[in-house]
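# Coordinate inspection notes
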Amino acid sequence: MLKDFDAVAIIAVSDTERARVFYTDVLGLDAPEDGPGGSLAFKTGGVTLLVYPSEFAGTNKANAVVFGVEGIEAIVAALQAKGAAFATYPAMGMTMDGPIHVSGEVKLVWVKDPDGNLIHLNQGMG
């Protein structure tokens, strides 16, 4: 039923201007289009990432959005240089290389936006 329709990833934030700075200056997304209700629509690959104001921002403790990436070490270094905060999960049993979780060719990272939303980066998971 829904397989032929595009999906949009959405993330709740408490302050859209602070989110605009984070998602453009720290994550490197292009300047967003203004959306309905004070939301911001970022284009990333073939997907739209919609960031919207909500009183429930940061209450989701799971991944908010996942990016499949290449060159994760360089991405992490650039994010660290911009002061990004990371979440780590040593109990997952993966080898840790700074904030990067490593298991063979698979490398995983979780970046926190200013509201604590988890932006998951993965390399090697296909």
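Refer to the structure printed above.
As a starting point, this report considers the structure included with it. (Residues numbered from 1 in each chain as written. Predicted model: local features only at pLDDT ≥ 70, side-chain atom pairs only at ≥ 80, totals over all residues. Heavy atoms only, no water.)

### A short note on the overall build of the protein
Selection criterion: For the purposes of this entry, the term helix denotes a DSSP run of H or I that reaches at least four residues, the term strand denotes a run of E that reaches at least two, and both are numbered from the N terminus. The atom set for the radius of gyration is the C-alpha atoms, and the globule formula is 2.2 Å times the number of residues raised to the power 0.38. Partly exposed describes any residue whose relative accessible area lies between the buried limit of under 20% and the exposed limit of over 50%, with all areas from a 1.4 Å probe on protein chains only and scaled to the type maximum. Contact between two residues is taken to exist if any of their heavy atoms lie within 4.5 Å; hydrogens are not considered.
When its secondary structure is counted, the protein shows two helices and ten strands. Walking the protein from its N terminus toward its C terminus, one meets helices and strands in the order β-α-β-β-β-β-α-β-β-β-β-β. Relative to the 2.2 N^0.38 estimate, which gives 14 Å for 126 residues, the radius of gyration of the protein is 15 Å and therefore close to what a compact globule would have. Overall, the C-alpha framework of the protein stretches about 45 × 40 × 25 Å when taken along its three principal axes. Going through the 126 residues of the protein one by one, you find that 40% of them count as buried. Residue pairs in contact within the protein that sit at least 24 positions apart in sequence constitute 51% of those at least 6 positions apart.

### Some details on the side chain of N117
Counted only if it meets this: Within 3.5 Å is the distance limit for a polar contact, defined as a pair of N or O atoms, with the added protein rule that one can donate a hydrogen and the other accept it, and that residues adjacent in sequence qualify only through two side-chain atoms.
Within the secondary structure layout, N117 lies in the loop between β9 (106–112) and β10 (118–123). Judged by its relative accessible area of 4%, N117 is buried. Here the side chain of N117 touches A12 through a polar contact of 2.8 Å, landing on its backbone oxygen. Excluding anything up to four places from it in sequence, N117 contacts I11, A12, V13, G58, A64, V111 and K112.

### With respect to helix α1 (residues 16–26)
Among the residues of α1, T16, A19, F22, Y23, T24 and V26 are the ones counted as buried. Looking at the buried residues of α1, the elements they touch are β1 (8–13), β3 (40–44), β4 (47–53), α2 (72–81), β9 and β10. Between the side-chain oxygen at the start of α1 and the backbone nitrogen of E17 there is a gap of 3.0 Å, and the oxygen is on D15. Backbone geometry just after α1 places G28 at a positive phi near 80 degrees.

### Here's the deal with the pattern of salt bridges
We count it as follows: Any Lys or Arg side-chain nitrogen located within 4 Å of an Asp or Glu carboxyl oxygen qualifies as a salt bridge.
Under the counting rule described, the total for this entry stands at four salt bridges. With its nearest N and O atoms 3.3 Å apart, the salt bridge here joins D34 to R20. One end of the pair, D34, is in strand β2 (residues 33–34); the other, R20, is in helix α1, with 14 residues separating them in the sequence. You can call D34 exposed: its relative accessible area is 61%.

### Things to note about the sheet that holds β1
Note on sheets: strands pair through backbone hydrogen bonds, and any given pair is parallel or antiparallel. Inclusion rule: When DSSP locates at least two bridges between a pair of strands, those strands are taken to pair.
Across the sheet, which stays open at both edges, the four strands sit in the order β1-β4-β3-β2 with mixed pairing between neighbours. Looking along the sheet, the strands with just one partner apiece sit at the ends: β1 and β2.

### Side note on the environment of D115
Summarising the element assignment, D115 is placed in the loop between β9 and β10. Since its relative accessible area comes to 18%, D115 is described here as buried. Setting aside its immediate chain neighbours within four residues, D115 contacts A12, V13, S14, D15, R18, A57 and G58. Within the structure, D115 has its side chain in polar contact with the side chain of R18 (distance 3.0 Å).

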